[in-house]
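# Results of the structural survey
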Protein chains: 2
Amino acid sequence: MQHPEKSRIEKTGRKGGAAVRPRSAAGANAGASAKKSLHQQILDDLRSRILSGEWPPGTQLPFEQDIARSYGCSRMTVNKAMTQLAGAGLIERRRKAGTFVRRPQSHSVIVEIVDIGREVAALGLPHHFEIVSREIRGATAAEAERLGAAARVLSIQCRHFAARQPFCFEERLISLDSVPEAETADFEATSPGAWLVSRVPWSDVEYRIRAVAADRETAGRLLIAEGAPCLSIWRRTTSEGQPITVVCLTYPGSDHEISASFSSAEG
Amino acid sequence: MQHPEKSRIEKTGRKGGAAVRPRSAAGANAGASAKKSLHQQILDDLRSRILSGEWPPGTQLPFEQDIARSYGCSRMTVNKAMTQLAGAGLIERRRKAGTFVRRPQSHSVIVEIVDIGREVAALGLPHHFEIVSREIRGATAAEAERLGAAARVLSIQCRHFAARQPFCFEERLISLDSVPEAETADFEATSPGAWLVSRVPWSDVEYRIRAVAADRETAGRLLIAEGAPCLSIWRRTTSEGQPITVVCLTYPGSDHEISASFSSAEG
DNA sequence: TAGTGGTCTAGACCACAGC
DNA sequence: CTGTGGTCTAGACCACTAA
């Protein structure tokens, strides 16, 4: 009477055996690669049942104890797999109640955005860039608001080329409060973005992606028609709460696209 | 019952009275919030050292054994934290050699893309939609290539409104091989996207995001000028390798933006 | 109150890559 | 070979919460 039967999955066989190391016991996945660790195998089995629709949203999963018994392993091993599934958002765990398949709330898409130089190189094209303008000045009110409380900023405009064609226009503000070395840095060989990554390797990032029409200046810079659609990527970077840089990248819309893929649970 | 001896505290701790629960021993973080689990505390400590630049890329981290000693905990607890850091890409672990801070290769941005109805609701606007066209036919060669091997498809065009203003135009193909129920589904009350999510809750998704110019038809549908920039989101959905749907969403560029945030290690 | 997940232990063995 | 991380155990206690 412990488990009211709604859509509860019964334990998977193998109860009396005990079997010290059955390895792939009742995992249902017969032709496993035999190379994976046990908790990874359990994770894959559970995920497969969820993704295939065998366990639709709301289904209660077996208890850790029962899964552990069915695999002939300890509860810790099962817990490792289920904790990972919960972190990926596939399941929801509640004390006393049990574990349930969640309804997907949204698609969490993982977009990889690399350095522009690498981005161009990935297309198999030669990359170069030129500094259009460089200026040190006080931050305007609007800038200070977005960049944080930076008093002085380095403002840089930069054009990136792929195979000698304009590829991207970069407008960047760097907080000199946070990165004073930027004031004297040489951006001839290393682009500001690459320089910053090497200087402040880890950071938190916030993105905004929009489609905009090229104004007259942008059109001239990218050699496209005025009013042509462009992909605008706005990005603010902070590190440990300190604002580092705000950059706006403008790509000709016809050429550039952001691609991304998503697996329900990271594979 | 399987715990015949519950009052017999055999193993865990309190053997010789030697430091049963030292908790924050030498962890350097004296005034901890005392609310987090120990492995989470360790994870935060290590991540903070990496993100702050105290441990720049290439730095070798202490061995698990040493960290465990310094926190007065077992190696498993440290391992849990470091495994998570490795999964997040902040560190690299090599047997025998040790653990090292990685150089970030790229920014992995997590973009949450929700159902259009919810998306509009999040803006605090009323949402409604209308089916513009609905047709069942054989897939063209180009469609079959992108949708997989679907023989028959349901082609739907749909307009979404926010506060009675056109918000998004949706062109969708649904593979009737994979989702035959779609043929007779009623999309008056539930939009095709929402219906599919409830029908096939978990899936793999592939995205392409571009900026495009509105052609004459699109301009009329969204009540914008021909040639105006639009954000185009192309998305292919599969489940367990089976193609489900391909959809192209077109948003007026001036209004819509995709926002995303990124934390180096998921926090 | 009872039962679930959350966490942690003090070992253990293994695989693998430096030395 | 040696030492590191990778994995696993057979328990244990705790926190929370549904009943």
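As the structure is a computational prediction, the values presented were derived from the model and not from experiment.

Reading the values: the criteria
- Residues numbered from 1 in each chain as written.
- Chains lettered and ligands numbered in written order.
- Predicted model: local features only at pLDDT ≥ 70, side-chain atom pairs only at ≥ 80, totals over all residues.
- Helix = DSSP H or I, 4+ residues; strand = E, 2+ residues; numbered from the N terminus.
- Buried ≥ 20, exposed ≤ 12 C-beta atoms within 10 Å, placed from the backbone.
- Contact = placed C-beta atoms within 7 Å.
- Nonpolar A, V, L, I, M, F, W, Y, C, P; charged D, E, K, R; others polar.
- Pairing = 2+ DSSP bridges.
- Near = placed C-beta within 6 Å.
- Least-squares fit on C-alpha atoms with pLDDT ≥ 70 in both.
- pLDDT = per-residue confidence, 0-100.
- Core = buried A, V, L, I, M, F, W, Y, C linked by C-beta atoms within 7 Å.

### Observations regarding the overall build of chain A
The number of helices and strands found in chain A is 7 helices and 10 strands. Looking at the 267 residues of chain A, the share that counts as buried comes to 34%.

### Comments concerning the interface of chain A and chain B
Chain A puts 46 residues into the contact, and the matching count from chain B is 46 residues. Within the residue set of the side of chain A that touches chain B, elements represented by two or more residues are helix 1 (38–51), strand 3 (107–113), strand 7 (204–213), strand 8 (229–239) and strand 10 (257–262) of chain A. With 10 residues, the single largest contributor to the side of chain A that touches chain B is strand 7 of chain A. Here the residues of the side of chain A that touches chain B are counted per class, giving 26 nonpolar, 12 polar and 8 charged. Sheet topology places strand 3 of chain A next to strand 4 (residues 107–113) of chain B; 7 bridges connect them, and they run antiparallel. Paired with H107(A) across the bridge in strand 4 of chain B is I113(B).

### What about the protein's contact with DNA strand C?
The environment of DNA strand C is made up of 26 residues, and the closest members are K96(A), L38(B), C73(B), S74(B) and M76(B). Those elements that place two or more of their residues in the surface near DNA strand C are helix 2 (64–71), helix 3 (75–87) and strand 2 (98–101) of chain A together with helix 1 (38–51) and helix 3 (75–87) of chain B. Partitioned by chemical class, the residues of the surface near DNA strand C number 6 nonpolar, 12 polar and 8 charged.

### Quick notes on the relation of the copies chain A and chain B
Both copies of the chain are tied together by a single rotation about an axis and a shift running along it. After a rotation of 180° and a shift along the axis of 0.0 Å, chain A superposes on chain B with an RMSD of 0.2 Å. What we have between these two chains is a two-fold relation. Of the interface residues in chain A, 100% have counterparts in chain B that sit at the interface too, so the contact is made through matching surfaces.

### Some points on the confidence of the model for chain A
Of the residues in chain A, 84% reach a pLDDT of 70 or more, and the chain-wide mean stands at 82. A low-confidence stretch, residues 1–33 of chain A (pLDDT under 50), is modelled with 38 contacts involving residues beyond four sequence positions or located in other chains.

### Digging into the nonpolar core
Counting residues in each nonpolar core, the largest one holds 82 residues, and the members touching the most others are V109(A), V111(A), V109(B) and V111(B). Membership of the second largest hydrophobic core comes to 19 residues, among which are W55(B), Y71(B), C73(B) and M82(B).

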